[in-house]
Amino acid sequence: MTRPPRPNRARSDPANHSHAPEPLGVPTRRAAIKLLDAVLRRGEALEAALPAATRMVHGPDRGLAHAIAAETLRRLPDLDAMIDGATERPLPPDAKARTALRIALVQALVLGTPAHAAISTVLPLVDGGPRKLVHGVFGTLIRSGQLLPEIPTLPADVEARWTAAWGEEMVAESERAIAAPPPLDLTLADPARTDEWCETLGGASLMPGHVRLSGDHAPVPEMAGYAEGAWWVQDVAASLPARAIGAAKGSGDGSEQGHVLDLCAAPGGKTMQLAAAGWRVTAVDQSAARIKRLRENLYRTRLKAEVVQADVLQWAPDAPADAVLIDAPCSATGIFRRHPDVLHRVHPALVRDLSELQARILARAADWVKPGGTLVYATCSLEPAEGEAQIAPFLGQRPDFTLATDRPDRVLPGRWPEGNDGFFIAVLRRR
């Protein structure tokens, strides 16, 4: 007689804790710890690590895991100082107990999570003796009423590097910049409608073709003008490189339309600026995923550009262009307000490698500019090696180029009220 299959006790036995469902909220905190590990131990970008780290959480829980990790990175030096002040011996930087305390404290002290929920969802992630340590240190800090400083502290190595380059006031401005959520900047397809869109969206303008929204606002896809492609999200500083090229000259029917190469173009903010300004744009980027976003942005805004997926160190245009815009791959330290992970994963060796890549791209792309044309080199970096240090050697090697202004434009945090990204922009003319 055939016996019925026996139940799989390893899966059905409630006593088998390895397969028991985790308490509510724990998977989200586990995902946050994975995100922090990806950034702090492996040097990955927070956004790039998000899909794998949050594979087991969905919907709002994915957003919460990201928020916990991002806020922890924003306030990491202050969280660690608080933890170290409550332990007899400093915990190792990568100890799970330290990581658990970081995310429990940031929830309770910054994100508004009730203290009991902040600690109860973290303790299951810590095994053995450290669990008691985490519970005790957290309880001591919460009962004593300790608070994180209102203005976050930059990591010591970043503070030293930026102080040497830009001075103490820039560092103080940068710390103020990460203390509050940044405003939302929009670039308009039609600068003539600036006043109209400011009134419609309830924003203010820093320059023609720009609207800034402060405080709470509707989700971007639900805002007026998004579906019709009237504007796109772009930090005001990030709009400056394309603004430096200006509007295209010509008939506008395509026969005499100026041609511009937008290199390292995705996700397309500068491509759309140039297309809206009347240029015939060739947008080049190596990343398939970023190219997809660029095409989606062009479709939504009803703007046209030739899109090429290629490595600019291997690709070349058929003929020189009237203008070339290089938004070079860089450390992206200038966007630390929205991406605090750069403060912890960018190091001098990475900056050195990227600066060498930037020099190669700049040297290659210079030949693609017509005599009398414009070359704009830009990076969203606050590292001099990726900005100022690129221009003097280039001009020494290429006497057929000159600076179009007295000096390049170094955009530091705090140029505008409520802050802005850090940027470097050099406008060059070819004789």
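Here the structure is a predicted model, which means the values were calculated and not measured. (Residues numbered from 1 in each chain as written. Predicted model: local features only at pLDDT ≥ 70, side-chain atom pairs only at ≥ 80, totals over all residues. Heavy atoms only, no water.)

Some remarks on the overall build of the protein
Moving on, step 1. Counting its secondary structure elements, the protein contains 17 helices and 11 strands.
Moving on, step 2. C-alpha extents for the protein along the principal axes are approximately 80 × 70 × 45 Å.
Moving on, step 3. Across the 431 residues of the protein, 48% fall into the buried class.
Moving on, step 4. Here the protein displays about 21,000 Å² of accessible surface, and carbon together with sulfur accounts for 54% of that area. (Helix = DSSP H or I, 4+ residues; strand = E, 2+ residues; numbered from the N terminus. Buried < 20%, exposed > 50% of the residue type's maximum accessible area, 1.4 Å probe, protein only. Areas by Shrake-Rupley, 256 points an atom, 1.4 Å probe, with all protein chains shown as cover.)

Some points on the nonpolar core
Moving on, step 1. If you look at the biggest cluster of nonpolar residues, it comprises 38 residues, and the most contacted ones within it are L35, L46, L101, L105, V134 and F138.
Moving on, step 2. Residue assignment for this core shows that the elements contributing at least two residues are α2 (26–40), α3 (46–53), α4 (60–74), α5 (76–84), α6 (96–111), α7 (115–120) and α8 (129–143).
Moving on, step 3. In contact with V134, not counting residues within four places along its chain, are A97, A100, L101, I119, L123 and V126. (Core = buried A, V, L, I, M, F, W, Y, C linked by side-chain atoms within 4.5 Å. Contact = heavy atoms within 4.5 Å.)

Some details on the packing of aromatic side chains
Moving on, step 1. Within this structure, the stated rule accounts for five aromatic pairs.
Moving on, step 2. Plain terms: the ring middles of Y377 and F424 are 6.2 Å apart, the flat faces sit at 65° to each other, and that makes the pair edge-to-face. Of this pair, Y377 sits in strand β8 (residues 369–379) while F424 sits in strand β11 (residues 423–430); the two residues are 47 residues apart in sequence, bridging distant segments of the chain. Each member of the pair, Y377 together with F424, is buried.
Moving on, step 3. Directly above the aromatic system of Y226 lies the positively charged group of R300, at a separation of 4.0 Å from the ring centroid.
Moving on, step 4. The ring centre of W416 lies 5.6 Å from the NZ or CZ of R415, which sits over that ring. (Phe/Tyr/Trp six-rings, centres within 6.5 Å; stacked < 30°, edge-to-face > 60°. Lys NZ or Arg CZ within 6 Å of the ring centre and 35° of its normal.)

Description of the state of the cysteines
Moving on, step 1. For the structure on display, the rule yields zero disulfides.
Moving on, step 2. Cysteine C380 shares no disulfide, and the gap to the nearest cysteine sulfur, in C330, comes to 3.6 Å.
Moving on, step 3. Taking relative accessible area as the criterion, C380 reaches 15% and is therefore assigned buried. (Disulfide = S-S within 2.5 Å.)

Thoughts on unusual backbone geometry
Moving on, step 1. A cis amide bond links A266 to the next residue, P267, at an omega of 10°.
Moving on, step 2. Tracing the backbone through its elements, the reader meets P267 in the loop between β4 (259–263) and α13 (269–276).
Moving on, step 3. We note that E418 has phi near 75°; this positive angle belongs to a residue other than glycine.
Moving on, step 4. With respect to the element layout, E418 can be found in the loop between β10 (409–411) and β11.

Description of the pairing of strand β7 (residues 321–327)
Moving on, step 1. With respect to burial, β7 is a largely interior element, six of its seven residues being buried.
Moving on, step 2. In the sheet, β4 pairs with β7 via four bridges, with the strands oriented parallel. Directly across from V260, in β7, lies its bridge partner A323.
Moving on, step 3. In this structure, β7 lies alongside β8, joined through six bridges in parallel fashion. Counted as the bridge partner of V324 is L375 from β8. (Pairing = 2+ DSSP bridges.)

Quick word on the confidence of the model for the protein
Moving on, step 1. The share of residues in the protein with pLDDT of 70 or more is 94%, and the mean pLDDT across the chain is 93.
Moving on, step 2. With pLDDT under 50 throughout, residues 1–18 is counted as low confidence; its partners more than four residues away or in other chains account for two contacts.
Moving on, step 3. Of the regions scoring below 50 in pLDDT, residues 251–255 engages in one contact with residues more than four places distant in sequence or in other chains. (pLDDT = per-residue confidence, 0-100.)

Some thoughts on the environment of L428
Moving on, step 1. By the element assignment, L428 lies in strand β11.
Moving on, step 2. When the C-alpha positions of L428 and F394 are compared, they lie 11 Å apart, and in sequence the two are 34 residues distant.
Moving on, step 3. If near-sequence neighbours (up to four positions away) are discounted, L428 is found in contact with G373, T374, L375, F394, L395, F401, T402, L403 and A404.

Some details on the side chain of R300
Moving on, step 1. Mapped onto the elements, R300 comes out in helix α14 (residues 288–301).
Moving on, step 2. E296 is the oppositely charged side chain nearest to the buried, salt-bridge-free R300, at an N-O distance of 8.6 Å.
Moving on, step 3. In terms of polar contacts, R300 uses its side chain to reach the backbone carbonyl oxygen of W231, at 3.1 Å.
Moving on, step 4. Excluding its chain neighbours within four sequence positions, the residues that come into contact with R300 are Y226, A227, E228, G229, W231 and W232. (Lys, Arg positive; Asp, Glu negative; His and termini not counted. Salt bridge = Lys/Arg side-chain N within 4 Å of Asp/Glu carboxyl O. Polar contact = N/O pair within 3.5 Å; in protein donor to acceptor, adjacent residues only side chain to side chain.)

Description of the pattern of salt bridges
Moving on, step 1. Counting across every chain of the model gives 27 salt bridges.
Moving on, step 2. Of the charged contacts, one joins D80 and R98 as a salt bridge, the two residues approaching to 3.2 Å between their closest N and O atoms. Remark: R98 occurs in helix α6 and D80 occurs in helix α5; sequence separation between them is 18 residues. You'll find D80 and R98 in the same group, each marked buried.

Brief notes about the sheet that holds strand β2 (residues 210–213)
Moving on, step 1. Here we have three strands laid out as an open sheet, ordered β2-β1-β3, and antiparallel in their pairing. The two strands at the open ends of the sheet, each matched to only one other strand, are β2 and β3 (231–233). For this sheet the average axis-to-axis angle between neighbouring strands, irrespective of direction, equals 25°.
Moving on, step 2. Here strand β1 (residues 184–188) pairs with β2 via four bridges, running antiparallel. (Axes fitted to C-alpha atoms, helices over the stretch in contact; angles between N-to-C directions.)

A closer look at the environment of I178
Moving on, step 1. Tracing the backbone shows I178 in the loop between α10 (168–177) and β1.
Moving on, step 2. For the pair formed by I178 and A32, sequence separation is 146 residues and the distance between their alpha carbons is 20 Å.
Moving on, step 3. With residues near it in sequence (within four places) discarded, I178 still touches R74, P152, L154, F336 and R337.

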